[in-house]
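The lines below spell out each chain.
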Amino acid sequence: MRTVPTCAWCEQPLAHGALSAFGQLRCDHCGATTSLDWPAERELVRVPLPVQVRGAHRICTLGEAARRRARRRLASRIARVAPPGPVLDVSSGDAMLLDALRATGRLTTGIVSGRAETTTRAGVQHAEITELGGRYAAIVFWQSLGRLRAPGVALDHAAALLKPGGLLAIAQPSPTRLQARAIGERFVAPGVPRHRVLIPPQTLMERLRALGLQVDRIDHLLDLPTPGGWLQSVLGGVTAIEARR
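Here we summarise the structure given alongside this text. (Residues numbered from 1 in each chain as written. Predicted model: local features only at pLDDT ≥ 70, side-chain atom pairs only at ≥ 80, totals over all residues. Heavy atoms only, no water.)

1. Observations regarding the overall build of the protein
Of regular secondary structure, the protein possesses 8 helices and 10 strands. Within the protein, buried positions represent 50% of all 245 residues. Of all intrachain contacts in the protein linking residues separated by at least 6 positions in sequence, the fraction that spans at least 24 positions is 65%. (Helix = DSSP H or I, 4+ residues; strand = E, 2+ residues; numbered from the N terminus. Buried < 20%, exposed > 50% of the residue type's maximum accessible area, 1.4 Å probe, protein only. Contact = heavy atoms within 4.5 Å.)

Next up, the structure:
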């Protein structure tokens with residue numbers, strides 16, 4: 001008997017809808033769009049990072065400088081509005097945000113899964129957020145929540161790790177914005193480390209509130225992860241959401 005795939009966000013069966021040419025299927029229950037062609041866990045760790053993620057932003061000095069300034073602004077805001085305590089950056093990548101947070105005086109930890117290149121950075125470890133304990137003043141999923149294999153479970157655990165008054169900062173592509181709809185499923189075609197699931201902002205906010213968090217701030221902005229990501233940012237934009245325990 002054929003196994004019915006499940007939504008990566010709400011884990012409901014994806015029993016209806018046609019599989020797109022990009023291997024994506026929209027959930028009728030929550031509206032999230034899941035990429036079904038992700039590799040198995042044992043294969044995922046062997047997938048090489050695409051050129052733009054391995055550091056192609058360094059080819060463009062202006063692009064790298066703009067991204068570094070953006071991360072400094074983000075770190076400054078987190079340091080200002082989060083209560084005292086450590087900050088966790090989930091899927092830290094090149095640790096640029098961690099560096100910016102440390103410059104504010106914050107104690108920081110970064111976690112990644114399955115990529116040996118990132119473990120050489122101090123304060124970055126291989127781990128899933130569900131393996132962590134303790135309490136954090138802020139937890140950041142900056143363009144990373146939808147890349148996780150079980151993003152809903154990760155978010156649930158992140159909420160449990162927040163100390164009273166703790167801040168959860170999430171940025172993700174905005175699949176419901178006009179520009180994203182105009183180019184459809186090509187907005188974030190699947191593939192590592194692209195997003196496994198696109199979560200409509202309203203769907204994400206509903207889950208945050210169900211977890212007992214208060215949504216304090218919603219921004220639509222352009223994020224510049226790499227020169228290769230500029231087109232995605234210009235066409236679709238990013239939704240940034242802040243919620244508090």
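2. Quick word on the pattern of salt bridges
What the rule picks out here adds up to 4 salt bridges. Residues aspartate 216 and arginine 244 are paired through a salt bridge, measuring 3.1 Å at the closest nitrogen-oxygen approach. Of this pair, aspartate 216 sits in strand 9 (residues 214–221) while arginine 244 sits in strand 10 (residues 238–244), and the two are 28 residues apart along the sequence. Owing to a relative accessible area of 22%, arginine 244 belongs among the partly exposed residues under this scheme. The closest approach of N and O atoms between aspartate 219 and arginine 217, which form a salt bridge, is 2.8 Å. (Salt bridge = Lys/Arg side-chain N within 4 Å of Asp/Glu carboxyl O.)

3. Some details on helix 5 (residues 151–161)
Residues separated by three or four positions in an α-helix point in the same direction, a consequence of the helix having 3.6 residues per turn. Listing the buried residues of helix 5 in full gives Pro151, Gly152, Ala154, Leu155, Ala158, Ala159 and Leu161. As for helix 5, its buried residues are in contact with strand 6 (136–142), strand 7 (162–173), strand 8 (197–198) and helix 7 (201–210).

4. Examining the sheet that holds strand 8
An order of 1-2-8 is seen for the 3 strands of this open sheet, with the pairing classed as antiparallel. Edge strands, defined here as strands with exactly one partner in the open sheet, are strand 1 (24–26) and strand 8. For strand 2 (residues 33–35) and strand 8, the ladder comprises 2 bridges, and the chain directions are antiparallel. Bridged to threonine 33 within strand 8 is leucine 198. (Pairing = 2+ DSSP bridges.)

5. Describing the pairing of strand 4 (residues 108–112)
When you tally the buried positions in strand 4, you get 5 out of 5 residues, the bulk of the element. Neither face of strand 4 is open: one carries Thr108, Gly110 and Val112, the other Thr109 and Ile111, and all of them are buried. By the bridge criterion, 4 bridges tie strand 3 (residues 87–90) to strand 4 in an arrangement that is parallel. Paired with valine 90 across the strands is isoleucine 111, a residue of strand 4.

6. Quick word on the nonpolar core
Membership of the largest hydrophobic core comes to 37 residues, with the highest contact counts inside it found for Trp9, Ile129, Ile139, Phe141, Leu168 and Leu208. For this core, the secondary-structure elements that each account for two or more residues are strand 3, strand 6, helix 5, strand 7, helix 7 and strand 10. Ranked by the residues each element gives to this core, the list is headed by helix 5, at 5 residues. With near-sequence residues (within four places) excluded, leucine 208 lies in contact with Leu155, Leu168, Ile170, Leu213, Val215, Ile241 and Ala243. Ranked by size, the runner-up nonpolar core spans 16 residues in total, among them Leu74, Leu101, Ala138 and Ala169. (Core = buried A, V, L, I, M, F, W, Y, C linked by side-chain atoms within 4.5 Å.)

7. Quick look at the packing of helix 5 against helix 7
One can describe the packing of helix 5 onto helix 7 by two numbers: an axis separation of 10 Å at closest approach and a directional angle of 40 degrees. Here helix 5 is positioned oblique relative to helix 7, judged by the angle of their axes. For the crossing formed where helix 5 meets helix 7, the hand is right-handed. Together, Gly152, Val153, Leu155 and Asp156 of helix 5 and Leu204, Arg207 and Leu208 of helix 7 make up the contact between the two elements. (Axes fitted to C-alpha atoms, helices over the stretch in contact; angles between N-to-C directions. Parallel < 35°, antiparallel > 145°, perpendicular 65-115°, else oblique. Left-handed = near helix turned anticlockwise from the far one by under 90°.)

8. Quick notes on helix 4 (residues 96–103)
When helix 4 is considered as a whole, its buried residues turn out to be Met96, Leu97, Leu98, Ala100 and Leu101. Just past helix 4, the residue glycine 105 takes up positive phi, approximately 95 degrees.

9. Brief notes about the environment of methionine 96
Note on placement: methionine 96 falls in helix 4. Separated by 21 residues in the primary sequence, methionine 96 and alanine 75 have C-alpha atoms spaced 9.9 Å apart.

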